[in-house]
Amino acid sequence: MARLVVLGGGVAGHTTATFAAKWLGSAHEVVVVTPNAKWNWIPSNIWVGVGEMTKEEVTFDLAPVYAKAGITYKQAKAVSLNPEGNESSDKSFVSIEYTGQDKTGTIENLEYDYIVNATGPKLNFDATPGLGDGKGQMGNHTVSVCTADHAVHASHKLQEAIEKMKGGTRQKFLIGTGHGMCTCQGAAFEYIFNIENELRKAGVRDMADIKWISNESFLGDFGMGGIHMKVGGYVVSSKLFAESLYAERNIEWLIGAHTSKVENGKVEYELLDGSKGEEEFDFAMLIPPFAGVGIKAFAKDGSDITGTVFAPNGFMKVDANYGAGAYENWKASDWPRTYQNPTYSNMFAAGIAFAPPHLISKPMSSPNGTPINPTPPRTGMPSGIIGKAVAHSVCDLITKGDSAHLHEASMAEMGAACVASAGKGVFSGTAAAMTVYPVVPDFETFPGTGRDTDYTFGEIGLAGHWIKHILHFLFIYKAKLNPGWTLIPE
Amino acid sequence: MIEKKVVKEEANFQKSEAFSRTMIPGTFARKMRTCLIWQFIRFAIINVKMIIVVGKSH
């Protein structure tokens, strides 16, 4: 009997574990190690963050689902990896520290035949002074929608701001990224339009000033270098698409900004031209930068090999070309296909946990040397597709042997669908529905825009809301492994 | 004497220099965004496109 250990129970980890358990059956063991007791459909945290949904509507308990799937569930976080074993055993193992199940703080060495690192990111609030509390958690000055609990907190703060406006006090809203190296602009993008919609619904829009602050060099970059889409017979940049949305809703923007410090009611920032400034706020939602969760790796003799297994940002090295060099040399083929660690063949990474070869957006920095550019998005649909491909590879390795063909899922050959709502109504509000194909532009295959403009599009309308609602219920249904779950694509 | 012509949808062009350099939807485009018949059609088309993208990605 072989044992597959999956680190993380988010979109990538949950997909990997559930498909592996289904394909392997009871002949082999699948273990999930995740510090969380609940699964969270993160895209709907936006609606929690404006009070349109409850935490309970976007989360569910993992334990009964894993029990149903025959998956061993350990509520714990991974601390270190010993891919060669240690001095007393040749068997690979991961050291985990329990965060629940009445064993909080207990350390266990968990042996594995294969391991998939799908931990997701560490929300690195402390990378920006004042954005974090200095202890790795979110600080007191801003809010976040990265977790369901954060979103609940954000919703309460928003209601407080609305009450102040109703009482005649003008409020300034600042939404965007909290560091020059952030990703996930899409979440902040969706949140700012939901905030604007909520303020209009509450009848206080004229009492609010709303501003976007972002590390993108142009609006609509989204960490993907922007996209081009067909609109009205033209092929246009997402810059025009995004600017139009902001202008229509009277939302100002500040772009190319590295948020360098956060204080009570004020952020300091540096722009791409090197200038520095301050922006005051009454309510701020700033996405933190992401980093790896900080797992260490040790060789058989106990020496530290973290730098061999992980990139400096803490994400796991996989079969990507990390030596591509300057932007002019970047190619679609730099991006990983199998997500297998180049040093240890029984180790894979999926979702945000894999180290990308480089940015997708053009790298930029201020004259002071401060890098200000979005890092590549790897959430949602790509995470699920990668997780499933990795599960397939590991299952084949277990059942067919080491020579089994590895399944591939390059982000330069896969698309992504994204729906950014502006409200939650079935008959009111409008959403931006977008698809991009491929996620990583491939200028050899699509020399004009790097993408297939037949399948890269964006449009605004009520239909996007319906799709967002359907995705919410469909993916939670799938994640709960309800009947027919395998028929729902990632 | 030319009569003053106020177009509500165009008001934001004057609120910011950046706003004045982009496009803002007019009355027709805005109405189509919430027109149920048109949105049902778009819903079907967007779904077909998304399914094709999903299919090409697996």
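Reading the values: rules and limits
Counting restarts for each chain, with residues numbered from 1 along the sequence as it is written. For this description, chains carry letters from A and ligands carry numbers from 1, given in the order in which they are written. The predicted nature of this model means local features are confined to residues of pLDDT at least 70 and side-chain atom pairs, given and counted, to a pLDDT of 80 or more, with totals for whole chains, interfaces and linings taken over all residues. Only hydrogens and water are set aside; all other atoms, that is, all heavy atoms of the structure, feed into the side-chain values. Contacts are residue-level and defined by heavy atoms, with any inter-residue pair within 4.5 Å sufficient. As a working definition, buried area equals the accessible area (1.4 Å probe) given up by two parts on being put together, with both sides summed. Here a salt bridge means any side-chain nitrogen of Lys or Arg lying within 4 Å of a carboxyl oxygen belonging to Asp or Glu. Any N or O atom pair separated by 3.5 Å or less is treated as a polar contact, with the protein-specific requirement of one donor-capable and one acceptor-capable atom, and with residues adjacent in sequence counted only for side-chain atom pairs. To qualify as a helix, a DSSP run of H or I must reach at least 4 residues; to qualify as a strand, a run of E must reach at least 2; elements of each kind are numbered from the N terminus. Aromatic contacts are taken between Phe, Tyr and Trp rings whose centres are within 6.5 Å, Trp giving its six-membered ring; a plane angle under 30 degrees counts as stacked, one over 60 as edge-to-face, and the others as tilted. The cut-offs for exposure are 20% and 50% of the maximum accessible area for each residue type, with area from a 1.4 Å probe on protein chains only; residues under the lower value are buried, those over the upper are exposed, and the others partly exposed. Axes here refer to lines fitted to C-alpha atoms; in helices the fit is confined to the stretch in contact. Angles between the N-to-C directions go from 0 to 180 degrees. An angle below 35 degrees is read as roughly parallel, one above 145 as roughly antiparallel, one from 65 to 115 as roughly perpendicular, and any other as oblique. Here a crossing is called left-handed whenever its near helix is offset anticlockwise from the far helix by less than a right angle, and right-handed whenever the offset is clockwise. The residue classification treats Ala, Val, Leu, Ile, Met, Phe, Trp, Tyr, Cys and Pro as nonpolar and Asp, Glu, Lys and Arg as charged. All others, Gly included, are polar.

Peer 1: What should I look at first to understand the interface of chain A and chain B in this one?
Peer 2: A common way to express how large an interface is: the accessible area buried when the components associate. Facing 42 residues of chain A, the contacting portion of chain B comprises 26 residues. Surface buried jointly by chain A and chain B totals about 3000 Å² across both partners, of which 70% is contributed by carbon and sulfur atoms. If you sort the residues of chain A by the area they bury against chain B, E248, Y455 and W466 of chain A come out on top, with a joint share of 19%. The interface formed by chain A and chain B contains two salt bridges. With a shortest N-O distance of 2.9 Å, R33 of chain B and E248 of chain A are connected by a salt bridge. Taken together, the connections running from chain A to chain B amount to nine residue pairs in polar contact (both at pLDDT 80 or more). Take the side of chain A that touches chain B: its biggest share by element is six residues, from helix α7 (residues 238-248) of chain A.

Peer 1: I tried to follow the packing of aromatic side chains on my own but got confused; where do I start?
Peer 2: To describe a pair of aromatic rings, one takes the distance between the centres and the angle between the planes. Residue and element names in this part refer to chain A. A complete count under the given rule lists 18 aromatic pairs over all chains for this structure. Relative to F60, the ring of W39 has its centre 5.3 Å away and its plane inclined at 25 degrees; by these criteria the two rings are stacked. Note that W39 is positioned in strand β3 (residues 38-40) and F60 in strand β4 (residues 59-61), a separation of 21 residues in sequence. For the pair W39 and F60, one class covers both residues: buried.

Peer 1: Explain the packing of helix α10 (residues 462-479) of chain A against helix α3 (residues 36-57) of chain B to me, please; I cannot follow it from the model alone.
Peer 2: In helix packing, the relevant descriptors are the interaxial angle and the interaxial distance, both defined with respect to the helix axes. Here α10 of chain A crosses α3 of chain B at 50 degrees, and the two axes come no closer than 8 Å. The orientation of α10 of chain A relative to α3 of chain B falls into the category oblique. Once α10 of chain A is placed against α3 of chain B, the crossing between them reads as right-handed. Touching L462, A463, W466, I467 and I470 of chain A of α10 of chain A are L36, Q39, F40, R42, F43, I46, N47 and M50 of chain B, all from α3 of chain B. Tallied by class, residues from the contact of α10 of chain A with α3 of chain B come to 10 nonpolar, two polar and one charged.

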